[in-house]
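Report on the structure
Here is how the chains run, residue by residue.
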Amino acid sequence: MSKHFLFTGILIVLLSLSSIAQDRKIIPDTVLINGDTLLMLGDSIIIEEPVKEIFWKTGGNYNLNIQQVTLSNWAAGGSSTFALNSGVTMFANYKKDSKVWDTQLTVNLGFNRQGGRDFETRKTNDNFVFVSNYGRQLSNLMYLTTQLDARTQLLPGYKYSKPAGSENEIRTKISDLLSPGYLQSSTGLNLRKTYEDKSKLSVILSPFTGRFTIVMDDSLSNAGAFGVVPGENVRAEAGMSLAVGVADYILMENVTWKADLNLFSNYERFGNMVVNFNSIIRLKVNKFISTRIETAVIYDEEVYIRQDDGTSKQAVQLQNLINFGISLDF
């Protein structure tokens, strides 16, 4: 009987200890180091790493479009052609407290090659655009902004024509690297808004704008091209400007629109506008393939366009490209 009592007592003690062990709470020790409170569990210290703030956001897009037509003994006629258009856009945006700094670089280059003509390879697209603006926040949507806008091209541009009575084409050089080049610096108020779908709107009104037209090619400079005084390389103007930008605007699913409009008016002839408008509609098929519809409109009364009859006159410059090919975001 005593053995039964002893066994029962031991069993009760073990059950009690097990219950106490299950109810026991493990409370970590607290360590104070240089004013920071750390939690230590056993021999380990639990440290919560602070969330690192990210002030810079960088990225871009590369696109490549190729078209080829090969004809051999083709009864319907025609000629073989090859076209290539490529472009890259890169951006670096900074935001900290009341300061913002947005920078974007866009470079495009395109060629077309067609057999059976005097100059088989010809440039179809060529532009270099660098825009950077720095702003300080004045209110929820308003910033005081300084912007730098630089535009030019990379390779020589030619006008192709066929003189009367001649069977052969000739080409006349009408542009080149930094011929023209445009440098515009402005300071003013910037209305910035980012919507819930991450589309962005920016409107910059600047009453203090300096615009410089650069023509470094001697032959073009001597001809007074792009409004410079013949023989000079730079034409300076003071005026006001309006810049409107729309980015990542969603037209419909997988279709986005990006556009920028820049207007400049010289104070000496106030009201006569220099117009630069660029629009890109992107139809995304997947992460690697997309269709791009690119439109550019330029008007500058100081730029005279050479016509087929040999005369030159003021005219609206229009470029429209429809590309289907590889598109890579990075």
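Here's a quick rundown of the structure.

**Re the overall build of the chain**
- Helix and strand content of the chain: two helices and 19 strands.
- Put simply, the chain has 330 residues, and 29% of those count as buried.
- When the accessible surface of the chain is split by element, carbon and sulfur atoms take 60% of a total near 21,500 Å².

**Focus on the packing of aromatic side chains**
- Tallied over the entire structure, the rule returns six aromatic pairs.
- Ring geometry for W56 versus Y94: centroids 5.0 Å apart, planes at 50 degrees, classification tilted. Here the residue W56 occupies a position in strand β4 (residues 56–69), and Y94 occupies one in strand β5 (residues 81–96), the gap between them amounting to 38 residues.
- Exposure remark for Y94: the relative accessible area of 18% places this residue in the buried category.
- Judged by centre distance (6.3 Å) and plane angle (85 degrees), the ring pair of Y249 and W257 falls under edge-to-face.
- The exposure class of Y249 is partly exposed, given its relative accessible area of 39%.
- Above the face of the Y158 ring, R171 is positioned so that its terminal group lies 4.0 Å from the ring centre.

**Side note on the pairing of strand β7 (residues 121–137)**
- When strand β6 (residues 99–114) meets β7, the two strands line up antiparallel, connected through 15 bridges. Bridge pairing in β7 links F111 to K123.
- Connecting β6 to the next strand, β7, in antiparallel fashion are six residues, including G116 with a positive phi near 85 degrees.
- Pairing geometry for β7 and strand β8 (residues 142–152), over ten bridges, is antiparallel. Bridge pairing in β8 places G135 opposite T145.

Procedures and definitions
Residues numbered from 1 in each chain as written. Predicted model: local features only at pLDDT ≥ 70, side-chain atom pairs only at ≥ 80, totals over all residues. Heavy atoms only, no water. Helix = DSSP H or I, 4+ residues; strand = E, 2+ residues; numbered from the N terminus. Buried < 20%, exposed > 50% of the residue type's maximum accessible area, 1.4 Å probe, protein only. Areas by Shrake-Rupley, 256 points an atom, 1.4 Å probe, with all protein chains shown as cover. Phe/Tyr/Trp six-rings, centres within 6.5 Å; stacked < 30°, edge-to-face > 60°. Lys NZ or Arg CZ within 6 Å of the ring centre and 35° of its normal. Pairing = 2+ DSSP bridges.

As far as function goes, none of this settles anything; it's purely spatial.
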